[in-house]
Every structure is written in structure tokens, then in C-alpha cells.
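In case you want the letters, here they are:
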Amino acid sequence: MDIASLRAQHPDHWKKACAIRVLTLDAVAAANSGHSGMPMGMADVATVLFEKHLNFDPAAPLWPNRDRFILSAGHGSMLIYSLLHLTGYKQASIEELKNFRQWGARTAGHPEYGHLEGVETTTGPLGQGISNAVGFAMAEESLRARWGAKVMDHYTYVIAGDGCLMEGVSQEAIGLAGKHELSRLIVLWDNNGITIDGKVEISDITDQKARFAASGWDVFECDGHDPVAIDEALVAAKKSPRPAMIACKTHIALGSSAQDTSKGHGALTDKQLISDTRAAYGWDHGPFDIPADVKAAWEAIGARGLDTRREWEARAAMLPAGKQAELKRIFALDPSPKLAAAIRSVKKAAVDAPKKIATRSASEIVLAAVNPVMQETIGGSADLTGSNNTKTADLGIFDPINRKGRYVYYGIREHGMAAAMNGMVLHGGVRPYSGTFMCFTDYARPSMRLSALMQVPVVYVMTHDSIGLGEDGPTHQPVEHLAISRSTPNTWVFRPADLVEVAEAWEMALSTKTTPTVMALSRQNLTPVRLTHTNQNLSAKGAYVLAEATGKRQVILIATGSEVEIAMKAREALEAEGIGTRVVSMPCMELFAAQDEAYRKKVLPAGPVRVAIEAGVRMGWDRWLLGERGKETKADFVGMNSFGASAPADRLYKEFGITAENAVAKAKALL
């Protein structure tokens, strides 16, 4: 439908949609930066969605049963910012729109979760939003099954562009959604045929409608500028028993001289172009000036959800008091009051009957104790369930037959799995964890980075954490991956040494509300090192003195995970020669770095030589070896400086020199 027909046949709709378009032009011009074309092209679709379908209430942005709207094509952020302002979200003031992309503004260049109410997830890295949305929809299905439709019963809507669909993670996501028949998930594809480099056809020939259909979706299409056709497509999509994709044929940068061109994708800041476009719209108001009648119409759309929200609150208030408290707890991400006791029980049993087990197996023992008392957990694995030890007997399998199941078979989809977990925790009411091999954090990294950026407590169970995995060889042996995860801000990387430390790590991971956790766990069996029970969570401080020197302290050995037992053997040998040796276990560098100076000085005092032992690269260790009162002439490292090899684990440790004997030799050479 062309502009003239739209203005003539749907004048009220046209004015509301144009409010989005002109706010976009004004904000991008003010910032001299941004992406104008997508909001201009999808304004009609967004207007119909918000006016006729989306259940939301700007007065209660975190209402648990609201519909979720996700702008996967995050570069078009002025679309969502305009919508939030127009419908009455207090944080989306006109001043925030005027400060688009400026320091301190809630209106960041791409939508960022936590900056602005109404933004459900951080998007911009293309493909993430649509992939997060699968997790949102899975969480909704799970909670509806376990709490009932009176408590949880809503849709997840996504606006995605060609870039989102080209990114590989999108196929992982839509395949997962199709398999699980997520009928409350509706994707609106901005089918404008344009990318930054030019027409889509210069780089892609994919039949997207056929692709979605082949992945188990129902596919619809409409003229993305015809409000009647858009509404009809949404009505049909909501009736679909499967996830639905609506191909919305649109014109990028509608009404401007850059329409249907790659120029239209970016920042349209030319004054004449903006003036001509406003004239084409019939819009004779100044920058950021929305007529009172148009703003009132949008605010009426925003007010539409008030009654629906209050009806939900009344239903929730009818739940038994215990259920109400539990619902509040899980959406607040508060740990179960039974968690601490469950962890203490595991720790006590580990000390009472110590066993040589892999820390991946130790993790399974902890999860078996924790999952029954924290029913909000949803576990999973990227086709490595038996290796990651992430499935416990009580969970049941989440699938279309059993929505109450709490374990997901993600298939070989590490990236899609990580993105879905982000969506689950962002939805609320769910604490997700899932596993793969540590080396394959490479496949999950973009979503792991976003977990950290968004400050959401996803748990990544990464087993087979070193050359200790053995014969699979260097393709599967992580050496740089600990350093990569540790270099990511707001990420806890736990590398526990035994069952006690694993339990303590899980207690931290399931108690935080703002930090994702990487659990680096061994394939090989490890000798227990914590042999005395304490209710105190020693790992919570990141590092602690595991064994003290018996005489004058001359050496401090610092180790993590599977190498702590090596440090203990080295200490025994050094002590036998009269060299007083302290062993520091450092399961989490980030938490140790967060401790005050007095505690860090107590653990790592000046004077003794220091040797760190870890079956990974040295990067990240120099703070603890050379800094924190250390000296380069009194420090060394036992670990990896190359890729691994294919051989049994014992042979690999010997060949690469990660042995007690080598640690002893390096310590003595420094004395």
C-alpha cells in the first residue's frame, strides 16, 4: 500500500505510525548517528501490534504476564524508543529521545536491557534477539504448565530483519522453536530486501519462508504497510499451533529519497531529505513535536493493558499464600531458603566419605541436591548430557508432550542454547543452566558476552576443561578458554578442585542476580583436597589458604581445579626438604579480586616466591604472580604455552610439564 492510499484509507493509523517515523528522523538527526530506515519501514507493523495485540502496561513494566516485545533488529532502536515514549513509559521521556545515543542517556545506540523499562533484552548483535525470544517462549510454556494459564499465559513477539536471519544462530534458534512447537512465539520479519552493502540478493538467495516452514513454523505474509493485512496476519498467527513467522513486505526509509536503498539503512541526517520526507508524510510539526491528539491516541493504547494487568493481579492474589510467596521469589531471582542447607549437606557428606571423582560428576551430585529445592532451574546440554552431567533424575524432559519437564535437549546448538538461556532468565521465573565442552565456549561466546553485559545469572557448565580430557586431542582441549572467559567483565569463572568447592561454586552461581557463571569442570577424576568440613563458603572469597607452611613460609603455590592436587603433592615434596610451602586454592579469580586489600594480603603476602599451576595459558595470572606484592624475579608459572595433543591424560600432563616435580623445580630455582 502506497503512502497516498494509506493516508486516505487509514488516516488515524497513518498519523500514529508517522509519529514513530518523525521521532526517528528527529532523534537520528540530533545525534547525527543511528539507523533511520528500519523504524520508518516497520512503523505500520509496530503500530498495529501495539494497538491491537500486545498486552502491556507502561505503569507496570515488569508485570509478569505481559506480552514480550523484542526488537531483534536492534539497530532500529528508535522504533522501540518511540513506542515506549508514545505509549507512556515514564523513563522514555522526550528528553531521553532528544539525547539518543548520548552519554548517560537511557536511549543507547542499541536497546540495552536494564537501561530503559520496556526493553526486554539487549539487541544489536544480529540474531540474538530472535534467539533470546525462543528462550522467552520456552520459559512461558514451562511456567504456564507448572503454574497454570491463570498465572502465565502470554505471547512473545519479535521484529527481526534480514541480518538477524542471515546470522547462523538464527537457524539454531528457529530449529529449536520448531521442534518445541512454541506456539506463543511470533516473528515479524521486516522483509525490505536491503542490507548495508546493497540489495539482499547480492549476498543471499535463501527462501526465508520455505526455511521457516522446513523448521516447523507456520508462515504467513502481508503487506507491511497495510494495517488491515497486518492485523489479519497477526490474528492468524496467534491461532497457529506452531511458532509463526509473518513475512512483512516493507519499504525501508519509507517516503524518503533513500527509500529502498542501502543509504536508507543508515543515518538520514540531510536537512533537505528530512524536510521532504516530512512533507511526503503531511507532517507540518516541528522536531520532537507530537500533536496532542496523536499523543493521546498512543497513550490510550498504552492504557489499554491496565485492566488486563489488574485482572491478572486479582487472580494471582487468589493463590495460596505460599504460592504467592514462591511466585514472587522466583521472579525476584531470590535463591530458595533451602539452598544453603542443601549445599551444606553435600559438603558434609563429601568430607565424611571422600571419593576421587571428576568435578563434572561432583556437579551432578550438587545438582541432584539443589534442583528439588530450586524448582525454577531448567537444565540442559548441547548434545553432551552424559558428558556434562547436567541432567538429574527429578527434572523430566521439556518437550511438547511434557511442558513441566525441566531438562532441555538442545542438540548441537551451543550458540542457540546460550541465547535461549539468556531469554529464559530475562523472561523471569526461571534460572537456566546448560552444558557443553569448555572448548566450545567458542560457539557460545556472543551470547555469553551478552549475559555479562545484561547482568543476568545464566550458568554455563563447561566440562572437559583442559588437556586432562585426554585422547580427543587439541581440537577439544581448551588452553586459552579460561583466559577468554576471565577477560570478560562481570563474569565469574569457577574452576573448582573437588566436590566441596563445586558445591560452594554452585551456591554462589544460584544466589547471584547479576552475574553469569562459567563452571570449568574436569573430565578426569580428582583427589579431594578439602578434608575438613566448614559451613563457611571459602570459595566465595575467590581464593583461600588450603594448606599452610609448617615452618618458615618460603613458597606459595597457587592452583585451580585439577591442578590443586598437583600443588598439594609439590608442597609435600618441598616441605620434606624443609621448604615451608603454602598452597592457595583459587577457584574464582574474579571473586578474589573483589576482596579487600587486607584479605588479599593475608592470602598472598609479600616475601615468598610464587608459582601458579594451571593447565591453561598464563594470561591473567600475572596479577597474582607479579602484582599483589609479588615480583617477577620471584614468580613462575606451570601450565600451557601451546595447544595440546592426543594422548591419555597422564601422559599429556607429563609431556607438558604440568607435574608436582616441575612445580618443585621452579619453586626451588626462585629461592
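Undergrad: Please explain the packing of aromatic side chains as it appears in this structure.
TA: Aromatic rings considered in pairs are described by the distance between their centres and by the relative angle of their planes. Across all of its chains, the model carries 15 aromatic pairs by this definition. When the ring of W14 is compared with that of Y281, the centres are 5.7 Å apart and the planes differ by 80°; the resulting orientation is edge-to-face. Residue W14 is located in helix α2 (residues 11–31), and its partner Y281 is located in helix α11 (residues 271–281); the two are separated by 267 residues in the primary sequence. Accessibility classification places W14 together with Y281 in one group, the buried group. Ring geometry for Y81 against F100: centres 6.0 Å apart, planes inclined by 70°, an arrangement best described as edge-to-face. You can see Y81 sitting in helix α4 (residues 77–87) and its partner F100 sitting in the loop between α5 (94–98) and α6 (128–147), a full 19 residues away along the chain. The exposure classification of Y81 matches that of F100, with both residues buried.

Undergrad: Whenever I open this one, unusual backbone geometry confuses me. Can you help?
TA: Glycine aside, residues mostly have negative phi angles, and peptide bonds mostly take the trans form. Of note, A253 is a non-glycine position whose phi angle comes to about 55°, a positive value. Within the fold, A253 resides in the loop between β7 (244–249) and α11. Non-glycine residue H464 carries a positive phi angle of around 55°. Given a relative accessible area of 4%, H464 falls into the buried group.

Undergrad: Just checking my understanding: could you explain the sheet that holds strand β3 (residues 185–191) for this structure?
TA: In a beta sheet, neighbouring strands pair by backbone hydrogen bonds and run either parallel or antiparallel. Ordered in space as β1-β2-β3-β7-β6, the five strands form an open sheet in which the pairing is parallel. The open sheet terminates on both sides in strands that have one partner only, identified here as β1 (68–71) and β6 (218–223). Along the sheet, successive strands turn relative to each other by an average axial angle of 20°, direction set aside. Along the sheet, α4 contacts β1 and β2 (156–160); its crossing angle with β1, the most-contacted strand, is approximately 145°. Packing against the sheet, α6 makes contact with β1, β2 and β3, and its axis sits at approximately 170° to β2.

Undergrad: Explanation requested: the packing of helix α16 (residues 359–370) against helix α21 (residues 499–509) in the structure shown.
TA: Two quantities define a packed helix pair, namely the angle between the axes and the distance from one axis to the other. As a packed pair, α16 and α21 sit with axes 9 Å apart at the nearest point and diverge in direction by 55°. Taken together, the axes of α16 and α21 are oblique relative to one another. Read as a crossing pair, α16 and α21 show a hand that is right-handed. For the pair formed by α16 and α21, the contact residues are T359, A362, S363, I365, V366 and L367 on the first element and L499, V502, A503 and W506 on the second. Per-class residue counts for the contact of α16 with α21 are eight nonpolar, two polar and no charged.

Undergrad: Sorry if this is basic, but what is going on with α21 here?
TA: Three- or four-residue spacings in an α-helix give side chains the same orientation, since the helix completes a turn every 3.6 residues. The buried fraction of α21 amounts to eleven of the eleven residues, a majority that puts the element mostly inside the structure. With a side-chain oxygen positioned 3.2 Å from the backbone nitrogen of V500, the residue opening α21 is D498.

Undergrad: Can you help me understand helix α19 (residues 441–454) in this one?
TA: The terminal C-alpha atoms of α19, which comprises 14 residues, lie 18 Å apart, in line with the 20 Å expected from a rise of 1.5 Å per residue. Maximal helix bending in α19 amounts to about 40°, located at S447. Within the span of α19, buried status applies to T441, A444, S447, M448, L450, S451, A452 and M454. The positive-phi residue at the C-terminal boundary of α19 is Q455, with phi of around 60°.

Undergrad: Help me understand the side chain of T250 in this model?
TA: If you trace the backbone, T250 turns up in the loop between β7 and α11. Only 2.4 Å separates the side chain of T250 from the side chain of D190, close enough to count as a polar contact. Ignoring any residue separated from it by four or fewer positions in sequence, one finds T250 in contact with G41, M42, D190, N191, N192, G224 and H225.

Undergrad: Honestly, the sheet that holds strand β8 (residues 377–381) in this entry has me stumped. Any pointers?
TA: Pairing within the open sheet is parallel, and its six strands lie in the order β9-β8-β10-β11-β13-β12. Across the chains shown, the open sheet's two edge strands, defined by having one partner strand only, are β9 (407–409) and β12 (492–494). Neighbour to neighbour, the strand axes of the sheet diverge by 20° on average, direction disregarded. By the bridge criterion, three bridges tie β12 to strand β13 (residues 517–521) in an arrangement that is parallel. By the bridge assignment, F494 is partnered in β13 with M519. Running at roughly 165° to β13, α21 makes contact with β10 (431–437), β11 (459–463), β12 and β13 of the sheet.

Criteria and thresholds
Residues numbered from 1 in each chain as written. Predicted model: local features only at pLDDT ≥ 70, side-chain atom pairs only at ≥ 80, totals over all residues. Heavy atoms only, no water. Phe/Tyr/Trp six-rings, centres within 6.5 Å; stacked < 30°, edge-to-face > 60°. Helix = DSSP H or I, 4+ residues; strand = E, 2+ residues; numbered from the N terminus. Buried < 20%, exposed > 50% of the residue type's maximum accessible area, 1.4 Å probe, protein only. Pairing = 2+ DSSP bridges. Axes fitted to C-alpha atoms, helices over the stretch in contact; angles between N-to-C directions. Contact = heavy atoms within 4.5 Å. Parallel < 35°, antiparallel > 145°, perpendicular 65-115°, else oblique. Left-handed = near helix turned anticlockwise from the far one by under 90°. Nonpolar A, V, L, I, M, F, W, Y, C, P; charged D, E, K, R; others polar. Polar contact = N/O pair within 3.5 Å; in protein donor to acceptor, adjacent residues only side chain to side chain. Expected span 1.5 Å × (residues − 1). Bend = angle between axes of the 7 residues up to and from the residue.

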